Amino acid sequence: MARNAPFTERLTRRLAILRGRSRRSLPGAAPNHKSVFVHMPKCGGTSLSEAMYATVPFNERIGVIDAVSTRSAAAMMHFDQNDRFLCHEDLEHGQHTFDLREAMMLQHMAWGTMLIHGHVFWSDKAQTHFDNSYKYVTLLRDPVARMVSNFRMTQRAGIVGEDVDEYLESPVARRHAQVYLRYLSGRNDIDPADTDRMVAMAKERLAGFALVGFLDDTESFFANYKKVFGVPLKMARLNSAPDKKPPYSDGQMAKFKELCSPDLEIYDFAKELRASKPRTTASAVRNATAPQSS
């Protein structure tokens, strides 16, 4: 839940979650499967997560892997400092935070938590030990629009400065541009020489998700969510940026798009995956993305 929302808004949202959980606590009203919501940054996930919380009956657990506190905890564990920026995902030591979140996700899976939500990477350990016990859900957004939104947010947080060109040449920009690649490969930084292989891996893993939605088509996502989990979602639009989009030059926008090219490929693949009938399987993607012998 957004920390900076006014008290009355936060109260209203909490009451909506409680009402939903009360309804789902009736016999036969719970979701038909446990799930992990892989929350991609700046993709409307706060709204979706609260709608998903409202589907969990009171006799089941919700595992929220909080973003800010895990950054601080990772800094304490690795550097003995209570600093929420030292291990920020966008910065050099961000992998420590993702490693901590993976451990927390595995703990919740071992506990049988019904809904797990957080900015978490793909976990090979989760697949090895829990396989089909959890269905994976995510919500995607056009990568360039997402990157612009992320840039503005990190400007407000003081992580990057006002110079757009300087930002576009920074490691922070590269991480902002490659969110889907990072989250689906399980690495906070991707070696450029390894990008093609990691993109193919990301596609294969995304094909195994039970549900992939798009921020510009939430109605289809709601309908598909009900088909997969047997319960409806109600979601309001939240977390819109407080200021207008800064005016970037054509050259700067071209650079944004260039940096986002791996994520654009993954995003376009996800769109094609949704449109394909019958649904493409992970094995089919593995065959399609495998290097061809000459």
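Note: the structure precedes this text.
Residues numbered from 1 in each chain as written. Predicted model: local features only at pLDDT ≥ 70, side-chain atom pairs only at ≥ 80, totals over all residues. Heavy atoms only, no water.

Asks: Before we go on, may I ask you to explain the overall build of the protein chain in this structure?
Replies: The helix and strand inventory of the protein chain stands at 14 helices and 5 strands. Looking at the protein chain as a whole, 47% of its 294 residues qualify as buried. Here the contacts in the protein chain between residues at least 6 apart in sequence split such that 72% fall between residues at least 24 apart. (Helix = DSSP H or I, 4+ residues; strand = E, 2+ residues; numbered from the N terminus. Buried < 20%, exposed > 50% of the residue type's maximum accessible area, 1.4 Å probe, protein only. Contact = heavy atoms within 4.5 Å.)

Asks: When you look at the nonpolar core in this model, what are you seeing that I'm missing?
Replies: Side chains of a nonpolar character, in soluble globular proteins, are inclined to be buried together. Ranked by internal contacts, the top residues of the largest apolar core, which has 34 residues, are Met40, Met109 and Leu140. Those elements that provide at least two residues to this core are strand 1 (35–38), helix 4 (94–111), helix 5 (124–130), strand 4 (135–140), helix 9 (179–185), helix 10 (195–207), strand 5 (211–214) and helix 13 (261–275). In terms of residues, this core owes the most to one element, helix 9, which gives 5 residues. For Met109, the residues in contact, after removing those within four places along its chain, are Val36, Ile116, Ala126, Phe130, Tyr134 and Tyr136. (Core = buried A, V, L, I, M, F, W, Y, C linked by side-chain atoms within 4.5 Å.)

Asks: Sorry if this is basic, but what is going on with helix 12 (residues 250–259) here?
Replies: Think of an α-helix as 3.6 residues a turn; residues three or four steps apart then line up on the same face. Among the residues of helix 12, those classed as buried are Gln252, Phe256 and Leu259. The arc that holds every buried residue of helix 12, seen down its axis, measures 70°, which confines them to one face. Every exposed residue of helix 12 that faces more than 90 degrees away from the buried side is listed here: Asp250, Gly251, Lys257 and Glu258. Buried residues in helix 12 make contact with helix 6 (143–157), helix 7 (164–168), helix 8 (171–177) and helix 13. (Arc of directions from axis to C-beta.)

Asks: Explain unusual backbone geometry here, please?
Replies: Negative phi values dominate among residues other than glycine, just as trans dominates among peptide bonds. You will see that Lys42, though not glycine, has its phi angle at about 60°, which is positive. For Lys42, the location among the structural elements is in the loop between strand 1 and helix 2 (45–53). In the Ramachandran plot, Asp80 falls in the positive-phi region, its phi being about 55° despite a non-glycine side chain. If you trace the backbone, Asp80 turns up in the loop between helix 3 (67–79) and helix 4.

Asks: Would you explain the packing of helix 6 against helix 13 in this entry?
Replies: When two helices pack together, their arrangement is given by the angle between the helix axes and the distance between those axes. Taken N-terminus to C-terminus, the directions of helix 6 and helix 13 make an angle of 130°; their axes are 9 Å apart at the nearest point. Compared by their axis directions, helix 6 and helix 13 come out oblique. Contact residues: Pro143, Val144 and Arg146 in helix 6; Asp263, Leu264 and Tyr267 in helix 13. Residues belonging to the contact of helix 6 with helix 13 are distributed by class as follows: 4 nonpolar, no polar and 2 charged. (Axes fitted to C-alpha atoms, helices over the stretch in contact; angles between N-to-C directions. Parallel < 35°, antiparallel > 145°, perpendicular 65-115°, else oblique. Nonpolar A, V, L, I, M, F, W, Y, C, P; charged D, E, K, R; others polar.)

Asks: Mind showing me how you'd approach the pairing of strand 1 here?
Replies: With burial as the criterion, each face of strand 1 is covered, one bearing Ser35 and Phe37 and the other bearing Val36 and Val38. As defined by bridge partners, strand 1 adjoins strand 3 (residues 115–118) across 4 bridges and the pair is classed as parallel. Looking across to strand 3, one finds that Phe37 is bridged to His117. The sheet contact formed by strand 1 and strand 4 spans 4 bridges and is parallel. Note on strand 4: the bridge partner recorded for Phe37 is Val137. (Pairing = 2+ DSSP bridges.)

Asks: Even after reading the chapter, I still don't get the packing of helix 10 against helix 13, so can you show me in this structure?
Replies: Running from N to C, helix 10 and helix 13 cross one another at 30°; their axes reach a closest spacing of 10 Å. Judged on the interaxial angle alone, helix 13 and helix 10 are roughly parallel. When the axes of helix 10 and helix 13 are compared, the crossing they make is right-handed. For the pair helix 10 and helix 13, contact is made by Thr195, Val199, Ala202, Lys203, Leu206 and Ala207 and by Pro262, Glu265, Ile266, Phe269, Ala270 and Leu273, respectively. (Left-handed = near helix turned anticlockwise from the far one by under 90°.)

Asks: In this structure, what is going on with the pattern of salt bridges? I would like to understand it.
Replies: Side chains that differ in charge, positive against negative, can pair when their charged atoms come close. Enumeration according to the criterion identifies 13 salt bridges in this entry. In this structure, Lys255 and Glu169 form a salt bridge, with 3.9 Å as the shortest nitrogen-oxygen distance. Here the residue Lys255 occupies a position in helix 12, and Glu169 occupies one in the loop between helix 7 and helix 8, the gap between them amounting to 86 residues. Given the relative accessible area of 62%, Glu169 is considered exposed. When the shortest N-O distance is used, the salt bridge between Glu265 and Lys203 registers 2.8 Å. Of this pair, Glu265 sits in helix 13 while Lys203 is found in helix 10, placing the two residues 62 residues apart along the sequence. For Glu265, a relative accessible area of 39% translates into the label partly exposed. (Salt bridge = Lys/Arg side-chain N within 4 Å of Asp/Glu carboxyl O.)

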